Amino acid sequence: MLPNELISRSPLRILEKSTHGGVGKGNIGVISARKGVGKTACLVHIATDQLFQDKHIIHVSFAADTSHIMTWYEEVYQEIARLYKLEDDNIHDKLTKNRVIMNFKQDSASVPKVLKGIRAMVKDAQFGADIVIVDGYDFEKSTPEEFSIFKEMAEEMNIEIWFSATVHRDDTNIDEHGVAKSISRFKDNLAIMIQLEPRENYIHLHLIKDHDVYPAADNLHLKLDPHSLLIMNES
């Protein structure tokens, strides 16, 4: 299958159609869930879909060891290649060149320091990022005021940012729409909010916020397949 056909048939086109074109430049999206439910898999599939479209990705990780991030990208690519019968090794090499992984420790790296590192990668290293993935950021340790700096950077650099956000199992502090306040308190700076909800044999992608609509109609009809680690059509 040709890459263009793969892109047009990707279930992520459903995400874009259901959310007024997706997150969009200058905006931020978030995928929240309990630990181990599939946030990183979703973000890596979203990033890989953009890499297939010749976009450039910076993946920021706050994990102690980033080797598993590389593994996620490789496994998601291999699953897509198998599913869509891709045989061109040059595609894999091109996707790898358009991806940078940066590692920070949130306890010792302030938000301004993280953003300084991203700006240096874009401006000094001339890596023209289209999307920044921020995985492992601790929302409970942050504040809406601090988080707004990411929004300012997204607008200034005309980029799209996706975050993962962990909701703790025993977190019962929820807002009037059933969303954990540890996440909803940031909603003013979030264009898209998606919550992963475990079902019997898969993970449902529940759309919580669609730009100015909160709560949004849960009309994504997308799931994360726990076997392939890919976002797929729910039907």
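Further up the page is the structure itself.
Here's a quick rundown of the structure. Just so you know, these numbers come straight off a predicted model, no measurement behind them.

What about the overall build of the protein?
For the protein, the count of helices and strands is eight helices and nine strands. Expressed as lengths along the three principal axes of its C-alpha atoms, the size of the protein is roughly 50 × 45 × 30 Å. Buried positions account for 53% of the 235 residues belonging to the protein. Carbon and sulfur atoms make up 48% of the accessible area of the protein, which totals about 11,500 Å².

Quick look at the nonpolar core
In terms of nonpolar packing, the biggest core is built from 44 residues, with F52, W162, I194 and L205 touching the most fellow members. Among the elements that take part in this core, helix α3 (residues 39–52) stands out by supplying eight residues, more than any other. In this structure, L205 is in contact with C42, I194, Q195, L196, D218, L220, L222, K223, L224 and I231, ignoring residues within four places of it in sequence. One finds V30, F127, A165 and M193 within the second-largest nonpolar core, a separate group that totals 38 residues.

Observations regarding the packing of aromatic side chains
In the structure shown here, the tally under the stated rule is 14 aromatic pairs. Ring geometry for Y137 against F147: centres 6.3 Å apart, planes inclined by 45 degrees, an arrangement best described as tilted. Here Y137 is found in the loop between β4 (131–135) and α7 (144–157), whereas its partner F147 is found in helix α7, with 10 residues between them in sequence. Note on accessibility: Y137 and F147 belong to one class, buried. Note on F150 and F163: the rings are 5.0 Å apart at their centroids and 85 degrees apart in plane angle, and the pair reads as edge-to-face.

Thoughts on the side chain of H59
Relative to the assigned elements, H59 resides in strand β2 (residues 57–61). A distance of 2.8 Å separates polar atoms of two side chains, one belonging to H59 and the other to Y73. Aside from chain neighbours lying at most four places away, what touches H59 is V44, I69, Y73, V100, I101, M102, I133 and D135.

Concerning the side chain of K223
As for its placement among the helices and strands, K223 is situated in strand β8 (residues 222–224). No salt bridge forms around the buried K223; measuring N to O, its nearest opposite-charge neighbour D225 is 4.9 Å away. Among residues more than four places away in sequence, those in contact with K223 are Y202, I203, L205, L230, I231, M232, N233 and E234.

Some remarks on helix α6 (residues 111–124)
With 14 residues, α6 extends 19 Å from end C-alpha to end C-alpha; this agrees with the ideal 20 Å at 1.5 Å per step. The set of residues buried in α6 consists of V111, V114, L115, G117, I118 and V122. End-on, the buried residues of α6 take up no more than an arc of 155 degrees, which puts them together on one face. More than 90 degrees from the buried face of α6, the exposed residues found are P112, K116, K123 and D124. Buried residues in α6 make contact with β2, β3 (99–103), β4 and α7. Phi for Q126, located one or two positions after α6, is positive at around 55 degrees.

Rules used in this analysis
- Residues numbered from 1 in each chain as written.
- Predicted model: local features only at pLDDT ≥ 70, side-chain atom pairs only at ≥ 80, totals over all residues.
- Heavy atoms only, no water.
- Helix = DSSP H or I, 4+ residues; strand = E, 2+ residues; numbered from the N terminus.
- Buried < 20%, exposed > 50% of the residue type's maximum accessible area, 1.4 Å probe, protein only.
- Areas by Shrake-Rupley, 256 points an atom, 1.4 Å probe, with all protein chains shown as cover.
- Core = buried A, V, L, I, M, F, W, Y, C linked by side-chain atoms within 4.5 Å.
- Contact = heavy atoms within 4.5 Å.
- Phe/Tyr/Trp six-rings, centres within 6.5 Å; stacked < 30°, edge-to-face > 60°.
- Polar contact = N/O pair within 3.5 Å; in protein donor to acceptor, adjacent residues only side chain to side chain.
- Lys, Arg positive; Asp, Glu negative; His and termini not counted.
- Salt bridge = Lys/Arg side-chain N within 4 Å of Asp/Glu carboxyl O.
- Expected span 1.5 Å × (residues − 1).
- Arc of directions from axis to C-beta.

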